[in-house]
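A closer look at the structure
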Amino acid sequence: MYIGKVIGTVVATRKDEKLVGTKLMIIQPLNMELKPIGEHLIAVDTVGAGIGELVIFAKGTAARIAARKMDSPIDISIVGIIDEMDVHE
Amino acid sequence: MYIGKVIGTVVATRKDEKLVGTKLMIIQPLNMELKPIGEHLIAVDTVGAGIGELVIFAKGTAARIAARKMDSPIDISIVGIIDEMDVHE
Amino acid sequence: MYIGKVIGTVVATRKDEKLVGTKLMIIQPLNMELKPIGEHLIAVDTVGAGIGELVIFAKGTAARIAARKMDSPIDISIVGIIDEMDVHE
Amino acid sequence: MYIGKVIGTVVATRKDEKLVGTKLMIIQPLNMELKPIGEHLIAVDTVGAGIGELVIFAKGTAARIAARKMDSPIDISIVGIIDEMDVHE
Amino acid sequence: MYIGKVIGTVVATRKDEKLVGTKLMIIQPLNMELKPIGEHLIAVDTVGAGIGELVIFAKGTAARIAARKMDSPIDISIVGIIDEMDVHE
């Protein structure tokens, strides 16, 4: 899984019917020092994540599993909200 | 899922028979500031996206799910047309 | 899917038996301006692509679907030969 | 599979129920000279790896297989602890 | 699939039981000019590849197919040993 921050939402009225009812959030992937890395992504929220929250997200089949929608075209989902990261370098 | 812009089409008469009848669009992946990131991709359109439109695309099995063609060699599909992106940095 | 150019072939006599009989082609991934991007790949040809041809290739399960060999260790296949790319920047 | 070092843990009380009970570790991917490469990842530990240990991790379906949780939104798991790497350049 | 060179081995006594008995090799991915690209990987050998040999490797489900171990946490496998690469730039 990956670390990210929820930084926005996407509105798309014309979309796959299996995406109707899902919350499409924009995520900025982060490294552990909370620095932005890589490209912005669109993830389905499955745990009630809000704007600005640090989250855990998963890709591929894991994303459909999280959304409990195996027949939907989802390939990235938020699967947890980070309370704390303990780093021991 | 990912943010992209439809910037062209591909014509390929000699192709896998399971791709016959699909609309092959060229996509420029974008970040949220609509800046180009990464390489051009070829996606199957499943929502009627036109040239110049901002779209949501998915990869892997999700792409076949979107195309409703699980037995086709599709690994990227357009699954939504973006109306709006609300960013809260 | 992705844009590429066939630039060579690979000979490997000691290989997985399920790869026997497949044409292993070397592909240079390209962007839409036909500039090289990313690393060379090895793809199974499924549409009769020749050296120098511009092709469409797919990755993962889609590659096995294209090769009609779901039980083979294939993860990249050529699925189409590009006649034309119309770009509308 | 990939080489990594366990450098921390993640606490996330609000998460997918199928992740409850898993140990979420932060991994720094490494190359063979043990130099950091790429972004930090979150992996489920399945072999009792501790902080500072060099590990082998796998991605995608392999990660769910390792966790023996095919119905969970896991896409990265630790699958081994490295005793030794013999390099013959 | 991808081009690589076997440059070492990994010893990991504490690992997933389904990996017991597999040969874990360290691979340096290469481009066609045999220049190193990307990060070192760990692959299961399925064709008797030795140190220094140029190999073909596959990722994801294809890797488990090559190892004939669909229930093992393998996501990269060596699937062929390269005899020759004919390049026609």
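Here the structure is shown first, and the text comes after it.
Cut-offs used in this document
Residues numbered from 1 in each chain as written. Chains lettered and ligands numbered in written order. Predicted model: local features only at pLDDT ≥ 70, side-chain atom pairs only at ≥ 80, totals over all residues. Heavy atoms only, no water. Helix = DSSP H or I, 4+ residues; strand = E, 2+ residues; numbered from the N terminus. Rg over C-alpha atoms; globule rule 2.2 N^0.38 Å. Buried < 20%, exposed > 50% of the residue type's maximum accessible area, 1.4 Å probe, protein only. Contact = heavy atoms within 4.5 Å. Areas by Shrake-Rupley, 256 points an atom, 1.4 Å probe, with all protein chains shown as cover. Lys, Arg positive; Asp, Glu negative; His and termini not counted. Charge placed at Lys NZ, Arg CZ, Asp CG, Glu CD. Buried area = accessible area lost by both parts, 1.4 Å probe. Salt bridge = Lys/Arg side-chain N within 4 Å of Asp/Glu carboxyl O. Polar contact = N/O pair within 3.5 Å; in protein donor to acceptor, adjacent residues only side chain to side chain. Nonpolar A, V, L, I, M, F, W, Y, C, P; charged D, E, K, R; others polar. Least-squares fit on C-alpha atoms with pLDDT ≥ 70 in both. Pairing = 2+ DSSP bridges.

Section: the overall build of chain A
For chain A, the count of helices and strands is one helix and seven strands. The order of α-helices and β-strands along chain A, N terminus first, is β-β-β-β-β-α-β-β. Whereas a compact globule of 89 residues would reach a radius of gyration of roughly 12 Å, chain A reaches 13 Å, a difference of no more than 12%. For chain A, the spread of C-alpha atoms along the principal axes amounts to about 45 × 20 × 20 Å. Residue burial in chain A is summarised as follows: out of 89 residues, 58% are buried. Expressed as a percentage of contacts within chain A between residues at least 6 apart in sequence, the contacts between residues at least 24 apart total 52%. On chain A, roughly 3,200 Å² of surface is accessible, and the fraction owed to carbon and sulfur atoms is 52%. Distance from the positive charge centre (10 side chains) to the negative charge centre (12 side chains) of chain A: 9 Å.

Considerations on the interface of chain D and chain A
Each side of the interface is counted separately: chain D has 30 residues, and chain A has 28 residues. The junction of chain D with chain A conceals about 2,500 Å² of combined surface from both sides, 57% of it contributed by carbon and sulfur atoms. When the area that chain D buries against chain A is broken down by residue, the three leading residues are D:Arg14, D:His40 and D:Ile42, summing to 25%. If you look at where chain D meets chain A, you find three salt bridges. Of the charged contacts, one joins A:Glu53 and D:Arg14 as a salt bridge, the two residues approaching to 3.2 Å between their closest N and O atoms. Here chain D and chain A share 13 residue pairs in polar contact (both at pLDDT 80 or more) between them. The set of elements that each furnish at least two residues to the side of chain D that touches chain A consists of strand S1 (2–11), strand S2 (14–15), strand S3 (24–29) and strand S4 (41–45) of chain D. Considered class by class, the residues forming the side of chain D that touches chain A number 16 nonpolar, five polar and nine charged.

Remarks on the interface of chain D and chain E
On the chain E side, the residues contacting the 28 residues of chain D number 30 residues. For the pairing of chain D and chain E, the buried interface totals around 2,500 Å² over both sides, and the portion due to carbon and sulfur atoms is 57%. On the surface where chain D and chain E come into contact, there are three salt bridges. The salt bridge involving E:Asp16 is made with D:Arg68; its shortest N-O contact spans 2.8 Å. At the surface where chain D touches chain E, the tally comes to 13 residue pairs in polar contact (both at pLDDT 80 or more). Contributions of two or more residues to the side of chain D that touches chain E are made by S1, strand S5 (54–59), helix H1 (61–67), strand S6 (76–81) and strand S7 (84–87) of chain D.

Observations regarding the relation of the copies chain D and chain E
Once chain D has been moved 0.0 Å along the axis and rotated by 72°, it coincides with chain E to within an RMSD of 0.0 Å. Taken together, the rotation and translation describe the operation of a five-fold axis. By C-alpha distance to the rotation axis, the residue of chain D lying nearest is D:Gly60, at 6.1 Å.

Digging into unusual backbone geometry
Positive phi, normally seen in glycine, also occurs at C:Leu34, with a value near 65°. You can see C:Leu34 is positioned in the loop between strand S3 (24–29) and strand S4 (41–45). The phi dihedral of E:Arg68 falls on the positive side, at around 55°, and the residue is not glycine. Topologically, E:Arg68 is positioned in the loop between helix H1 (61–67) and strand S6 (76–81).

Details of the side chain of D:Asp75
Checked against the element boundaries, D:Asp75 lands in the loop between H1 and S6. Buried charged residue D:Asp75 carries no salt bridge. Nearest counter-charge: D:Arg64, at 6.6 Å. In this structure the side chain of D:Asp75 is engaged in a polar contact, spanning 2.7 Å, whose partner is the backbone nitrogen of A:Lys59.

A closer look at the arrangement of the chains
In this assembly chain B lies apart from chain D, the nearest approach of their C-alpha atoms being 12 Å. Regarding chain B and chain E, the two do not touch, and the least distance separating their C-alpha atoms is 12 Å.

Regarding the pattern of salt bridges
Overall, the coordinates contain 25 salt bridges over all chains when judged by the stated rule. The shortest N-O distance in the salt bridge between C:Lys18 and C:Asp71 comes to 2.8 Å. Here C:Lys18 is found in the loop between strand S2 (14–15) and S3, whereas its partner C:Asp71 is found in the loop between helix H1 (61–67) and strand S6 (76–81), with 53 residues between them in sequence. Overall, C:Lys18 belongs to the partly exposed group, its relative accessible area being 27%. Several salt bridges converge on common partners, so that one network encompasses A:Asp16, A:Glu17 and B:Arg68.

Description of the pairing of strand S1 (residues 2–11) of chain B
Burial of S1(B) is extensive: seven of the 10 residues sit out of reach of the surface. Sheet analysis places S1(B) next to strand S5 (residues 54–59) of chain B, joined by four bridges and oriented antiparallel. By the bridge assignment for S5(B), B:Ile3 is matched with B:Ile56. Bridge analysis of S1(B) against strand S3 (residues 24–29) of chain B gives five bridges, and the strand direction is antiparallel. When the bridges of S3(B) are listed, B:Gly8 appears paired with B:Ile26. With four bridges joining them, S1(B) and strand S7 (residues 84–87) of chain C adopt antiparallel strand pairing. Counterpart to B:Val11 in the pairing with S7(C) is C:Glu84.

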